Amino acid sequence: MATQHSRTAARFMMAPAVFLLLVWMLVPLTMTLFFSFKKYLPLRGDSMANGLEWVGFANYVRFVGSSSFWPSIQATLIIVGGVLVVTIVLGVLLAMLLDQPMWGQGIVRILVIAPFFVMPTVSALVWKNMFMDPNNGLLAYLWKAFGGTPVEWLSQAALPSLIMIVSWQWLPFATLILLTAIQSLDSEQLEAAEMDGAPVLARFWFIILPHLSRAITIVILIQTIFLLSIFAEIFVTTGGAFGTKTLTYLIFQRVLESQNVGLGSAGGVYAIILANIVALFLMRIVGKNLDA
Amino acid sequence: MGKIALKHVTKSFGATEVIPPLDLDIEDGEFVVFVGPSGCGKSTLLRLIAGLEDVTSGMIEIDGNDATKVPPSKRGLAMVFQSYALYPHMSVRKNIAFPLRMAKVDEAERNRKVEAAADILNLTDYLERRPGQLSGGQRQRVAIGRAIVREPEAFLFDEPLSNLDAALRVNMRLEISELHQSLKTTMIYVTHDQVEAMTMADKIVVLNAGRIAQVGSPLELYRSPQNIFVAGFIGSPKMNFIEGEEAGKHGAHTIGVRPEHLALSTDGGTWEGTVGVAEHLGSDTFLHVHVDGIGALTVRAQGEAGLNHGDRAHITPDPERIHRFDSDGLALA
């Protein structure tokens, strides 16, 4: 990229990609903003061709005023927080386990990664029908084997069940990143701590965990971004019932089930704002960790 | 007290025997250096003493008590690692205080000991820094500080100077020697550098393929090596070995003469040859001479020898300083 000529050529060749990315981001964003200020109910005959009625901030007021708004925010935060806790705690433990030399290490590691390759819809259906079904699910058989009444997972404990399903999908990702981090730990540090009289738990707390802090930060950042928008898992399991209606799902219902495009778009703008607030918080809290 | 005894200690990794049965006594307060080429088992031996590796058979005694099955933290030994193994997320103060914290020493006492150690090692100004902000020599001193505060029976050093540059290495060598003089604690030091071994040790243990080739004071090893391996390993430049007819004249399979025990002259001597490369160090000159009928010999001449590439020269060995070895490489009396 030294000469003026090659730099110009590079810009020229990058232009289509940059242009596409910009369009792909800007068009939906402007359309969402546009619709959020309009009354747009397609089933009542509203259409772009007839011209849409400008309603100002009415959609925004109505979206927040709805009785499902705050519960949806709460559900979103519980799911994101719950999955983060489960994947990081289990991820650290699994990573340490996989770091131990053992027979068949390569195959075990591939098996651990496997759930990540299963599509969200498929994995949620597998959980719903194979494990959590109160009549034919494996968990129901397990409960019956011990003489208990099978739990109706997706209605009695809908949020924990969803957290379980989503955690199962994301655990491989957390484990993989934490495993590579653990492998980069200098074994002499652990030996030094051992000589210094630190028992196993102290070595974990004072040496391994601080070493993993950066990897944990990255896992939290990336997972939060993806977990805020989980949808398929809710759609195929509870359909948003039993307190599992997240902000994403609420927007979907407003647009497609109530056929109120304007209201849904206003919700979308709230979701953008929420995601940015969370991202800002995370950057503040963990950004320091990345600098060190 | 730091008296350590190894009795018939062996170590195998799978089917490979790294250390064949080995006996060694280390007296209290001694500075012992394990030296040998890489892969000779010296680090493994140190780790066996530390307890970081289990012995395959045999016994390790510390102060007369069997310590073979005692975990590393209970052996009362402190170790300085080659990579220093400092905890990167802790300040220097916390690094040095870590063993005390693990031993549940209260905070006031902890601070007093850390500051005392920092004072000895000139680290007082750096106590609040992280290891990543220190130079190699300072990191080395923090690692030593972490060992000192425990007041161990013995210090174990695993090639501690190999990551430092040459000038710093000479400094740290002196500092560790001085530390030994002031603490009078047993120190076991592993290195592949025979200069470090010669300058620091009270007692050198030369290892070759897991076996002890010879144990003795630095000058003992220099003056009377028991075999060809020790003769060739100790001393720089390396001892010259001559086989065949010349050796036969002295009733040996091989004879060895150190470069400094060969006299050089232009007018006459025992052997005659052509000067090859001459390395001028100022205080000394190392000449590589191709002697007729014998081969290449290294000769050390005092000061600036007036000989150049291609000159003819005569060499005379000091008859008192010719080492004789039999066909198994063992020294002949």
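Residues numbered from 1 in each chain as written. Chains lettered and ligands numbered in written order. Predicted model: local features only at pLDDT ≥ 70, side-chain atom pairs only at ≥ 80, totals over all residues.

## Quick look at the overall build of chain A
Heads up, the rule is: Only DSSP runs of H or I reaching four residues or more are called helices, and only runs of E reaching two or more are called strands; each is numbered from the N terminus. To get the radius of gyration, use the C-alpha atoms; to get the globule rule, take the number of residues to the power 0.38 and multiply by 2.2 Å. Whether a residue is buried, exposed or partly exposed is read from the other C-beta atoms within 10 Å of its own C-beta, which are placed from the backbone; 20 or more gives buried, 12 or fewer gives exposed, and intermediate counts give partly exposed.
The helix and strand inventory of chain A stands at 13 helices and 2 strands. In summary, chain A has a C-alpha radius of gyration of 24 Å against a globular reference of 19 Å for 292 residues, an excess of more than 25%. For chain A, the spread of C-alpha atoms along the three principal axes comes to 80 × 75 × 30 Å. Per-residue burial over chain A gives 29% buried out of 292 residues.

## Side note on the interface of chain B and chain A
Going by this rule: Here, residues touch in the contact sense if the C-beta positions derived from the backbone fall within 7 Å of one another. Each residue is assigned to one of three groups, with Ala, Val, Leu, Ile, Met, Phe, Trp, Tyr, Cys and Pro labelled nonpolar, Asp, Glu, Lys and Arg labelled charged, and all others, Gly among them, labelled polar.
At the junction of the two partners, chain B supplies 15 residues and chain A supplies 13 residues. Counting only elements with at least two residues in the side of chain B that touches chain A, the list comes to β6 (77-80) and α2 (92-102) of chain B. Top element by residues in the side of chain B that touches chain A is α2(B). It accounts for 3 residues. Residue composition of the side of chain B that touches chain A, by class: 12 nonpolar, 3 polar and no charged.

## Remarks on the pairing of strand β17 (residues 312-317) of chain B
Residues and elements named next belong to chain B. Defined as follows: Two strands are said to pair when DSSP picks up at least two bridges between them.
Where burial is concerned, the two faces of β17 differ: the one with A313, I315 and P317 is buried and the one with R312, H314 and T316 is not. In this structure, strand β13 (residues 262-265) lies alongside β17, joined through 4 bridges in antiparallel fashion. Each bridged residue has a counterpart across the sheet, and for L264 the counterpart in β17 is I315. Strand direction decides the pairing type here: strand β14 (residues 271-280) and β17, joined by 4 bridges, are antiparallel. The partner of E272 across the bridge, within β17, is H314.

## Considering the sheet that holds strand β11 (residues 240-243) of chain B
All names here are of chain B. Keep this limit in mind: A fitted line through C-alpha atoms serves as each axis, taken over the contacting stretch for helices, and the angle formed by two N-to-C directions is quoted from 0 to 180°.
Taken together, the 3 strands give an open sheet; going across it, the order is β11-β12-β18, and neighbouring strands pair in antiparallel fashion. Whereas interior strands pair on both sides, the edge strands pair on one side only; in this sheet they are β11 and β18 (323-325). Neighbour to neighbour, the strand axes of the sheet diverge by 25 degrees on average, direction disregarded. Alignment of strand β12 (residues 254-257) against β18, held across 3 bridges, turns out to be antiparallel. Considered in β18, the bridge of T254 is made with F325.

## Section: the domain arrangement of chain A
How big an interface is tends to be expressed through the accessible area that disappears when the partners come together. How we decide: Throughout, the edges of the domains are those of an automatic or database domain assignment.
Here chain A is partitioned into domain 1 (1-28) and domain 2 (37-291). The centre of domain 1 of chain A, based on its C-alpha atoms, is set 34 Å off from the matching centre of domain 2 of chain A.

## Observations concerning the UniProt feature "transmembrane region" (unreviewed entry) in chain A
What counts, and what does not: UniProt positions are given in the numbering used here, feature names are shortened, and annotations may be inferred rather than shown by experiment.
Cross-referencing UniProt, the feature "transmembrane region" (unreviewed entry) maps to residues 12-37, 73-98, 110-127, 157-179, 215-242 and 262-283 of chain A in the present numbering. Spanning residues 12-37 of chain A, this segment combines 96% helix with 0% strand, and its end C-alpha atoms are found 38 Å apart.

## Quick notes on the sheet that holds strand β8 (residues 186-191) of chain B
Residue and element names in this part refer to chain B. Reading across from one edge, β6-β7-β8-β3-β9-β10 is the order of the 6 strands in this open sheet, with mixed pairing throughout. Lying at the two open borders of the sheet, with one neighbouring strand each, are β6 and β10 (211-216). Each strand axis lies, on average, 20 degrees off the axis of its neighbour in the sheet, ignoring direction. Here strand β3 (residues 31-35) runs beside strand β9 (residues 203-208); their pairing, made up of 4 bridges, is parallel. Bridge pairing in β9 links V33 to I204.

## Overview of the UniProt feature "domain: ABC transmembrane type-1" (unreviewed entry) in chain A
Cross-referencing UniProt, the feature "domain: ABC transmembrane type-1" (unreviewed entry) maps to residues 73-282 of chain A in the present numbering. Along residues 73-282 of chain A one finds 77% helix and 0% strand; the C-alpha atoms at either end are 18 Å apart.

## Considerations on the nonpolar core
Side chains of a nonpolar character, in soluble globular proteins, are inclined to be buried together. Filter applied, for reference: Buried Ala, Val, Leu, Ile, Met, Phe, Trp, Tyr and Cys residues form a nonpolar core when they are connected through C-beta atoms within 7 Å.
Residues B:V33, B:M79, B:L156 and B:I188 are the most contacted members of the largest nonpolar core, which totals 94 residues. Residues within four places of B:L156 in sequence aside, it is in contact with B:L46, B:I49, B:A50, B:L77, B:M79 and B:I188. Listed in part, the 40 residues of the second largest apolar core include A:I88, A:L162, A:W170 and A:L212.

## Overview of the packing of helix α5 (residues 120-131) of chain A against helix α8 (residues 158-183) of chain A
Residues and elements named next belong to chain A. We apply this condition: Small angles under 35 degrees read as roughly parallel and large ones over 145 as roughly antiparallel, with 65 to 115 read as roughly perpendicular and the rest as oblique. In this scheme, a crossing is called left-handed if the near helix is turned counterclockwise away from the far one by less than a right angle; it is called right-handed if the turn is clockwise.
The N-to-C vectors of α5 and α8 enclose an angle of 130 degrees; their axes lie 10 Å apart at closest approach. One finds that α5 runs oblique with respect to α8. With respect to the hand of their crossing, α5 and α8 are arranged in right-handed fashion. Across the interface between the two elements, P120, S123, A124 and W127 of α5 pack against I165, W168 and Q169 of α8.

## Quick word on the domain arrangement of chain B
The domain boundaries assigned to chain B delineate domain 1 (4-231) and domain 2 (238-325). Computed over C-alpha atoms only, the centres of domain 1 of chain B and domain 2 of chain B are separated by 38 Å.

## Brief notes about the UniProt feature "domain: ABC transporter" (unreviewed entry) in chain B
Here the UniProt-annotated "domain: ABC transporter" (unreviewed entry) positions come out as residues 4-234 of chain B. Helix makes up 36% of residues 4-234 of chain B and strand 26%. Its end C-alpha atoms lie 25 Å apart.

## As for the environment of B:G244
Residue and element names in this part refer to chain B. Among the structural elements, G244 can be located in the loop between β11 and α9 (245-249). On the basis of neighbour counts, which here come to 13 C-beta atoms within 10 Å, the residue G244 falls in the partly exposed class. C-alpha separation for the pair G244 and A97, spaced 147 residues apart in sequence, amounts to 61 Å.

## Let's talk about the environment of A:S265
Among the structural elements, A:S265 can be located in helix α13 (residues 261-291). Excluding anything up to four places from it in sequence, A:S265 contacts A:T32, A:F35 and A:S36.

## Some remarks on unusual backbone geometry
Put simply, B:S236 and B:P237 share a cis peptide bond, and its omega is -5 degrees. Topologically, B:P237 is positioned in the loop between α8 (228-233) and β11. Positive phi, normally seen in glycine, also occurs at A:F242, with a value near 55 degrees. Within the element layout of this structure, A:F242 appears in the loop between α11 (232-237) and α12 (247-257). Looking at A:F242, the number of C-beta atoms within 10 Å reads 18, which means it is partly exposed. The phi angle at B:D63 is positive, at roughly 55 degrees, despite the residue not being glycine. With respect to the helices and strands, the residue B:D63 is situated in the loop between β4 (57-62) and β5 (65-66).

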